[in-house]
Amino acid sequence: HKPHITGAMRANGMELQWLPAELREDWEVVLAAVQSNAKALQFASPELIFDRNFMLLAAQRNAAVLLEAPTELREDRDFVLAAVANKGLVLEYASPKLCMDPEVVLKAVTQNGQ
């Protein structure tokens, strides 16, 4: 049953909104949804949205989660590094302090140049 759900989430992550709460708390299901569409994060459980480890994985799969991430994570250097390593252009959504961090900027520019 769960493989069908994760497959459906990979096809259209926004379908996460129609799933029962227990599936919106499931790492595998929500990661599949976010990989498809970062905006699906809005339908995930708050516990996942504020779970740093979950969000690090999500950023590695889809850098656009930086746009949907809580402010504290936009200020989290490791989280922003994970996002810009995936897609450098999301740097503009990081905190102003991290937008000035030489290592973060270099990672974003290097990734974007590939």
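Refer to the structure presented above.
Quick look at the structure, then. (Residues numbered from 1 in each chain as written. Predicted model: local features only at pLDDT ≥ 70, side-chain atom pairs only at ≥ 80, totals over all residues. Heavy atoms only, no water.)

A word on the overall build of the protein. Summing up its helical and strand segments, the protein has 9 helices and 0 strands in all. Taken over C-alpha atoms, the radius of gyration comes to 14 Å for the protein, in line with the 13 Å a tight globule of 114 residues would show. Taken along its principal axes, the extent of the C-alpha atoms in the protein is 45 × 30 × 15 Å. Pairs at least 24 apart in sequence give 42% of the contacts found in the protein among residues at least 6 apart. Of the roughly 6,300 Å² of accessible surface on the protein, a fraction of 54% belongs to carbon and sulfur atoms. For the protein, the separation between the mean place of its 11 positive charges and that of its 15 negative charges on side chains is 5 Å. (Helix = DSSP H or I, 4+ residues; strand = E, 2+ residues; numbered from the N terminus. Rg over C-alpha atoms; globule rule 2.2 N^0.38 Å. Contact = heavy atoms within 4.5 Å. Areas by Shrake-Rupley, 256 points an atom, 1.4 Å probe, with all protein chains shown as cover. Lys, Arg positive; Asp, Glu negative; His and termini not counted. Charge placed at Lys NZ, Arg CZ, Asp CG, Glu CD.)

Counting 40 residues, the largest nonpolar core has Met 9, Leu 16, Leu 41, Phe 54, Val 65, Phe 79 and Val 80 as the members making the most contacts within it. Elements supplying a minimum of two residues to this core: helix H1 (2-11), helix H2 (27-36), helix H3 (46-49), helix H4 (52-61), helix H5 (65-68), helix H7 (77-86) and helix H9 (102-112). (Core = buried A, V, L, I, M, F, W, Y, C linked by side-chain atoms within 4.5 Å. Buried < 20%, exposed > 50% of the residue type's maximum accessible area, 1.4 Å probe, protein only.)

Time to look at the packing of H7 against H9. The interhelical angle for the contact between H7 and H9, taken along N-to-C directions, is 15°, at an axis separation of 7 Å. It follows from the interaxial angle that H7 and H9 lie roughly parallel. By crossing handedness, the relation of H7 to H9 is classed as right-handed. The residues of H9 that touch H7, namely those facing Arg 77, Val 80, Leu 81, Val 84, Ala 85 and Asn 86, are Glu 103, Val 104, Lys 107, Ala 108 and Gln 111. (Axes fitted to C-alpha atoms, helices over the stretch in contact; angles between N-to-C directions. Parallel < 35°, antiparallel > 145°, perpendicular 65-115°, else oblique. Left-handed = near helix turned anticlockwise from the far one by under 90°.)

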